[in-house]
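Each chain is listed here by its residues.
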Amino acid sequence: MLTTADVDVLRDTGVFRAFVPEQYGGGAETVEEIARRIAQVSAWNADAGWLAAIAAVTNLAVAQFPEATLDEIWGADADALIGGTLAPSGTLSTTAGETVVTAVSAPVSGLRFASWVMATVADTDSHRLSRVLVPIGQVRAECTWNALGLTGAGGDTAHLDGVAVPARRVLSLADPRAEAPLTFFATLFFASSVVGMARSAASLLDREITAARGAETPSKRWSRPDVRLSASDALRQMERAEALLAAATSGLTTRARIDGMTARALSRAADLAVSAVGEAESVVPRLLGSLGPDALAPGHPLARAHGNVTTAARHTSLSAAKAALAHQAALFPEATCTA
């Protein structure tokens, strides 16, 4: 379970400052560096790494708000955690000069540690999507997360019940075709988290093998050819997952540079990241086959890793089907249905 003390450690290391502008205390990190750090944090603590990925995506979205909003969000706390979702989840309306948002956002990871909540809503006047920012004190949180894994980061429901929002905290979304979609970054960063979680699990096997090789009397289990083969396959697959992720993020620098990439280049990077997740998710069952039934006990680190990896890999931004459709659209951008 992720504790407040764990989150305080994350804040102290600057993990939540990804894409925070430098004038507010952020650093000039590349996308590749941020992805690598998320994987490292996830290998230490799956819930913490997932929140690091959440912060990277939401910070990227919030950085597009006007300066007055950034002063309000990051001027006093550069390490503020902003929860929220990119998917449309409610409405924004203006009545008697007051702008009000009503939304139900779920799942929102890290809601109990967040300072702000970002919601994507439909503006009933302009009929365009907007993003809004609401302080956590105006959000009604409902504990609804009951998934197999990521129990510390969670994914509870945020209710925005007719909350008045000042204009500076409302951002009307531009034509999404003019820039790399935030879902692209979500794919990269959530994939990094999943691969980091799987690496933590694979490290358990590495330690077991090292201990077995150094023992005066090796256990009978490690003398079995099937166990050795399963262990070798698991570690090879882990290396493939890491290689795919490295290929997906290699050379990715700033948001501006990525906005200039072609649709095919973006879809290729996203596809590699999704493929890395597929390999990483398959690693853990192989590890279970190597370490035996004891690793299935609820408190065993490998059992927890299985729940975390399986849960995280279900995120919509990591869908193999969506990655395939994106690649198809990049290849045939002008295709139309003739049926």
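As the structure is a prediction and not an experimental result, all values here were calculated from the model.

About the criteria used
Residues numbered from 1 in each chain as written. Predicted model: local features only at pLDDT ≥ 70, side-chain atom pairs only at ≥ 80, totals over all residues. Heavy atoms only, no water. Helix = DSSP H or I, 4+ residues; strand = E, 2+ residues; numbered from the N terminus. Rg over C-alpha atoms; globule rule 2.2 N^0.38 Å. Buried < 20%, exposed > 50% of the residue type's maximum accessible area, 1.4 Å probe, protein only. Contact = heavy atoms within 4.5 Å. Salt bridge = Lys/Arg side-chain N within 4 Å of Asp/Glu carboxyl O. Pairing = 2+ DSSP bridges. Axes fitted to C-alpha atoms, helices over the stretch in contact; angles between N-to-C directions. Core = buried A, V, L, I, M, F, W, Y, C linked by side-chain atoms within 4.5 Å. Expected span 1.5 Å × (residues − 1). Parallel < 35°, antiparallel > 145°, perpendicular 65-115°, else oblique. Left-handed = near helix turned anticlockwise from the far one by under 90°. Nonpolar A, V, L, I, M, F, W, Y, C, P; charged D, E, K, R; others polar.

Remarks on the overall build of the chain
Across its full length, the chain holds 10 helices and seven strands. Against the 2.2 N^0.38 benchmark of 20 Å for 339 residues, the chain shows a C-alpha radius of gyration of 21 Å, consistent with a compact globule. Taken over the C-alpha atoms alone, the chain extends approximately 80 × 50 × 40 Å along its principal axes. Across the 339 residues that make up the chain, the buried fraction comes to 49%. Once local pairs closer than 6 in sequence are excluded, the contacts in the chain between residues at least 24 apart make up 75%.

Quick word on the pattern of salt bridges
A pair can form between side chains of opposite charge whenever their charged atoms are brought close. For the structure on display, the rule yields 14 salt bridges. Across the salt bridge formed by E29 and R37, the nearest N and O atoms sit 2.6 Å from each other. When its relative accessible area of 27% is taken as the criterion, E29 is described as partly exposed. For R37, a relative accessible area of 18% corresponds to the buried category. Between E72 and R169 there is a salt bridge, with its nearest N and O atoms 3.2 Å apart. One end of the pair, E72, is in helix α4 (residues 67–74); the other, R169, is in the loop between β6 (156–164) and β7 (170–172), and 97 residues separate them in sequence.

A look at the sheet that holds β7
Read across the sheet, seven strands follow the order β5-β6-β2-β1-β3-β4-β7 without closing on themselves; strand pairing throughout is mixed. The open sheet terminates on both sides in strands that have one partner only, identified here as β5 (140–142) and β7. Sheet twist, expressed as the mean angle between neighbouring strand axes with direction ignored, is 25°. Taken together, the seven bridges between strand β3 (residues 116–123) and strand β4 (residues 129–135) define a ladder with antiparallel strand orientation. Across the sheet, residue V117 finds its bridge partner in β4, namely V134. Where helix α3 (residues 46–62) meets the sheet, it contacts β1 (82–95), β3 and β4, and its direction lies at approximately 35° from that of β1.

Section: the environment of G307
Relative to the elements of secondary structure, G307 occurs in helix α9 (residues 301–312). For G307, a relative accessible area of 4% corresponds to the buried category. Among all residues touching G307, those that are not within four sequence positions of it are L148 and G149.

Considering the nonpolar core
One finds F184, F189 and L302 to be the most contacted residues of the largest nonpolar core, which totals 89 residues. Ranked by the residues each element gives to this core, the list is headed by helix α5 (residues 182–214), at 17 residues. If we skip the residues at most four places from it in the chain, F184 touches L252, I258, L266, A269 and A270.

A short note on the pairing of strand β2 (residues 98–108)
Of the pairings in the sheet, the one linking β1 to β2 comprises six bridges and is antiparallel in character. Counterpart to S93 in the pairing with β2 is V100. The turn linking β1 back onto β2 is made up of two residues, and A96 within it adopts a positive phi angle of 55°. As judged from the six bridges shared by β2 and β6, these two strands associate in the antiparallel manner. Looking at the pairing, V100 lines up with A164 of β6.

Here we look at helix α6 (residues 225–249)
What sets the pattern is the α-helix's 3.6 residues per turn: residues three or four places apart point alike. Along its 25 residues, α6 runs 37 Å from first to last C-alpha, staying within 8% of the 36 Å computed at 1.5 Å per residue. All buried positions along α6 are accounted for by V227, S230, A231, D233, A234, L235, Q237, M238, A241, L245, A248 and T249. For α6, the secondary structure elements touched by its buried residues are α2 (31–44), α5 and α8 (263–291). Just beyond α6, the residue with positive phi is G251, at close to 80°.

Regarding the packing of α3 against α5
Contact pair α3 / α5: the axes reach a minimum separation of 9 Å and the direction vectors enclose 165°. In terms of axis orientation, α3 runs roughly antiparallel to α5. As α3 packs across α5, the resulting crossing turns out to be right-handed. Along its contact with α3, which presents A46, G49, W50, A53, I54, A56, V57, L60 and A61, the element α5 presents L182, F185, A186, F189, F190, S193 and M197. Each residue belonging to the contact of α3 with α5 can be placed in one class, and the counts come to 14 nonpolar, two polar and no charged.

Purely geometric numbers; function is a separate question.
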